[in-house]
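Structure at a glance
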Amino acid sequence: MVRWRQRPQEVPLASDPSSSFVPTIIGAMVFLSTLVLSASLAMEGVADRWQITGQQYGATIEMSRDNASEEAVAASIDVLAQLPGISRVHLVGDNEILETIEAWTGGRPDPDLLPLPVLIDVEAVSPESLRGDVIEQILEETVGAVTVYVEPQWLLAVRSTVGTVQLVTALMLIIIALISVVSIIYVTRTALSIHQDTIEILHQVGAQDSYIASQFQNQSLILALMGGIPGNVLAIIIIILMGELSGDIEAPLLPAVSFSVREWLFLGALPVVAALVAMVAARVTVITSLGRMP
Amino acid sequence: MIRFENVGLRYGSGPEVLHDIDLTLESGSGHYLVGPTGAGKTSMLSLLYLGRRPTRGLLTMFGQDVATATRSALTGFRRRIGVVFQDYNLLDHLSAFDNVALPLRLVGTDPGMVRDHVYQLLEWVGLDTMADVKPPFMSGGEKQRVAVARAVIGQPDVLLADEPTGNLDEPMADRLMMLFMELNRHGTTLVIATHNTRLPQRFPHPVLHLKEGFLKAGRPW
Ligand SMILES: Nc1ncnc2c1ncn2[C@@H]1O[C@H](COP(=O)(O)OP(=O)(O)OP(=O)(O)O)[C@@H](O)[C@H]1O
Ligand SMILES: [Mg+2]
């Protein structure tokens, strides 16, 4: 009697009620995390385009050439460099100023006709170190009246929004991961008690804990993929549709979201990550539970 | 060699069901374990198949105190022990074939060899035509024979059988006993718990007599 015999699942997990619960919950969690992550990536993309994602905050100090002798400028730079929280002080050269003006007006102005100001760029790691009024007051003593242009408030607001969005994204992803892990632990514990008799028999005929755990972990992996892949695909379809819609509206402040290949791969990897997490959670649960048995 | 020294067993916080068991079973020996119902035969076998650990005293198997053996060491020991349970303990979702194949598959035996061995044994116990049937669709005697096949397929060092012929007619009972005797001749340590007084007469081996949890000298009959 030569017949191919497929090796059966020794712990009959496939017929458990969890075989529909796990795909549902992991599907929902992957769906959510794909949307959350894509929103965050989109936000970063917008910020990148405005070049406002750097960690540095800047201000520009303008003083009139009349009361800015070379010594006075050097002294100001020294004073500024010693202020707390200032990371960089840079005297903007005349050529740089002219190039900037050229970029705006299209022609190079005659420096003799247009009196160029003296400009000093200051960078700091936090916006608190860049109080315009404080800097004005300090420089009053060295060079007399100056004007301080601190980065506009709206830019700071966008900056901190990007930061907040990233923080919220991270928090949401952590919560989603926690819910998934807790669900898997719960499902696995339930399955362990449903199949307690089977597990006892398997132990008796010589199965190791790791062998029994491998049955649970494989099942968890398969079920998580069964839910995670559709959840991910659905979310990506929604993202693409939303991209099309916002493209139609052409909202000028929100440049159309376009993800790089890397970012798409990042999003597409979510069900795989979720499945691996589900697999590890199931394995660890089984090994620890069995290890507590007499 | 298996050694009981002053062993006692209780289930949870219940009364002690085995008391002061002192016993040495030499490797390759064969014994019957007899006694009235409720005397503690199954309990004693459960100590031997490492399903439970003694609540007091010392039990040494394969040269190690089972109370201090690690989980993985116990797994290794269980692979050297074949058990025919009184209530069979078959896996209901697996076919007769897969139930019998279990001990071999767990140690990674080549699938072709598994198939040959399993069919050989199923044929010996008269179940070769029922390879694909699952236990819920079998008679008591059929299940018992699957349980016997599963217990012996790994050629265990120790074979424990709890009332292995209870559901069988005489010819089939003798056939299985011949299988056990054959293994015993090849060095397997054998302990058979039974109510059947005919077996020790037909296949003679020393008798261990349990009564109310105590090991008694001599035969009850
Ligand atoms: N799982 C258990 N929990 C609590 N008490 C148990 C358990 N199993 C057996 N007992 C008790 O232990 C004692 C011995 O039972 P055991 O099953 O070992 O007897 P036995 O000799 O195998 O009987 P039988 O010939 O009927 O199979 C009995 O008093 C029984 O009630
Ligand atoms: Mg019994």
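Residues numbered from 1 in each chain as written. Chains lettered and ligands numbered in written order. Predicted model: local features only at pLDDT ≥ 70, side-chain atom pairs only at ≥ 80, totals over all residues. Heavy atoms only, no water.

Looking only at helices and strands, chain A features nine helices and four strands. When its helices and strands are written in sequence order, chain A yields α-β-α-β-α-β-α-β-α-α-α-α-α. The buried share among the 294 residues of chain A stands at 38%. Taking the contacts inside chain A whose residues are at least 6 apart along the sequence as the reference set, 86% of them involve residues at least 24 apart. Surface accessibility of chain A: about 16,700 Å² in total, with carbon and sulfur atoms responsible for 64%. (Helix = DSSP H or I, 4+ residues; strand = E, 2+ residues; numbered from the N terminus. Buried < 20%, exposed > 50% of the residue type's maximum accessible area, 1.4 Å probe, protein only. Contact = heavy atoms within 4.5 Å. Areas by Shrake-Rupley, 256 points an atom, 1.4 Å probe, with all protein chains shown as cover.)

Attention shifts here to the site of ligand 1. All names here are of chain B. Surveying the vicinity of ligand 1 reveals the residues Y11, V17, P36, T37, G38, A39, G40, K41, T42, S43, Q86 and H195. One nitrogen or oxygen atom from the main chain of G38 is found 2.8 Å from an oxygen atom belonging to ligand 1. Here Q86 contributes a side-chain N or O atom positioned 2.8 Å from an oxygen atom of ligand 1. Protein contact buries 60% of the 620 Å² of open area that ligand 1 shows by itself. With three residues, helix α1 (residues 41-48) is the single largest residue contributor to the shell around ligand 1. Among the residues making up the shell around ligand 1, the classes are represented as four nonpolar, seven polar and one charged. (Near = heavy atom within 4 Å. Polar contact = N/O pair within 3.5 Å; in protein donor to acceptor, adjacent residues only side chain to side chain. Nonpolar A, V, L, I, M, F, W, Y, C, P; charged D, E, K, R; others polar.)

With that settled, the discussion passes to the sheet that holds strand β4 (residues 56-61) of chain B. All names here are of chain B. Taking strand neighbours across the sheet as the criterion, the four strands line up as β2-β1-β4-β5 in an open arrangement whose pairing is antiparallel. Looking at strand neighbours, the two that pair on one side only are β2 (16-25) and β5 (64-65), the edges of this open sheet. Sheet topology places strand β1 (residues 2-10) next to β2; six bridges connect them, and they run antiparallel. The partner of F4 across the bridge, within β2, is L23. Strand contacts of α1: β1, β2 and β4, with the helix running at about 125° to β1, the strand carrying the most contacts. (Pairing = 2+ DSSP bridges. Axes fitted to C-alpha atoms, helices over the stretch in contact; angles between N-to-C directions.)

Below, the discussion takes up the coordination of the magnesium ion (ligand 2). Residue and element names in this part refer to chain B. At this site the magnesium ion (ligand 2) is bound by T42 (OG1) and Q86 (OE1), with donor distances of 1.9 to 2.2 Å. One end of the pair, T42, is in helix α1; the other, Q86, is in the loop between β6 (81-84) and α3 (96-106), and 44 residues separate them in sequence. In this structure T42 comes out as partly exposed when scored by relative accessible area, which is 32%. Relative accessible area serves as the criterion here: at 40%, Q86 is assigned to the partly exposed category. (Donors = N, O, S within 2.8 Å, 3.2 Å for Na, K, Ca; no water.)

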